[in-house]
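Breakdown of the fold
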Amino acid sequence: MYISIERNNRGALEIEVNALNKLIQNTILMRSNSDLNNVENIEVLTDLYHDNLLYVLIKIDLKNKAQMLEENQINKIVEEIIIKTLSIKPKNIAIAYKR
């Protein structure tokens, strides 16, 4: 899979957001050691601002609301894949659970 990454005339990165979101989503599903049988759906939203500030929001819909996932591990996996792909450290990675 290719992700188009370009710099605009101000030097800010422009990324195909849907490809980046899918990359993060699939990475979580493939590399997480958490119990993913409890996960019904994962949705990823990313925002890249003009100073190459990247914010990531991961929305997780759980089947059993009482059992949560290991958020530290998910943060580590997402940060690692973004640094490898874009050479940018994300400013913030947030995980939200849907009801």
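The structure under discussion appears in the preceding block.
My aim in this report is to walk through the structure given alongside it, one point at a time. (Residues numbered from 1 in each chain as written. Predicted model: local features only at pLDDT ≥ 70, side-chain atom pairs only at ≥ 80, totals over all residues. Heavy atoms only, no water.)

By the element assignment, glutamine 67 lies in the loop between strand 4 (54–62) and helix 2 (71–86). Exposure remark for glutamine 67: the relative accessible area of 35% places this residue in the partly exposed category. With 29 residues separating them along the chain, glutamine 67 and asparagine 38 place their C-alpha atoms 7.9 Å apart. (Helix = DSSP H or I, 4+ residues; strand = E, 2+ residues; numbered from the N terminus. Buried < 20%, exposed > 50% of the residue type's maximum accessible area, 1.4 Å probe, protein only.)

With that out of the way, let us pick up the packing of aromatic side chains. According to the stated counting rule, one finds one aromatic pair in the structure shown. Note on tyrosine 49 and tyrosine 55: the rings are 5.6 Å apart at their centroids and 75 degrees apart in plane angle, and the pair reads as edge-to-face. With a relative accessible area of 42%, tyrosine 49 lands in the partly exposed category. (Phe/Tyr/Trp six-rings, centres within 6.5 Å; stacked < 30°, edge-to-face > 60°.)

Structurally, leucine 62 is set in strand 4. Taking the relative accessible area as the measure of exposure, leucine 62 reaches 3% and is therefore buried. As for leucine 62 and valine 39, which are separated by 23 residues in sequence, their C-alpha atoms are 4.6 Å apart. For leucine 62, the residues in contact, after removing those within four places along its chain, are Asn38, Val39, Glu40, Gln67, Met68, Leu69 and Tyr97. (Contact = heavy atoms within 4.5 Å.)

Turning next to the pairing of strand 4. Within a regular beta strand, the side chains point alternately toward one face of the sheet and then the other, so they alternate between its two faces. Pairing of strand 3 (residues 39–48) with strand 4, which is carried by nine bridges, proceeds in the antiparallel orientation. When the bridges of strand 4 are listed, aspartate 47 appears paired with tyrosine 55. Here strand 3 folds back onto strand 4, and the loop between the two strands holds five residues, one of which, asparagine 52, carries a positive phi near 60 degrees. The pairing of strand 4 with strand 5 (residues 92–98) spans seven bridges and is classified as parallel. Following the sheet pairing, isoleucine 58 is matched in strand 5 by isoleucine 95. With helix 2 bridging strand 4 and the parallel strand 5, this β-α-β connection has right-handed handedness. (Pairing = 2+ DSSP bridges. Right-handed = clockwise from strand over helix to strand, strands pointing away.)

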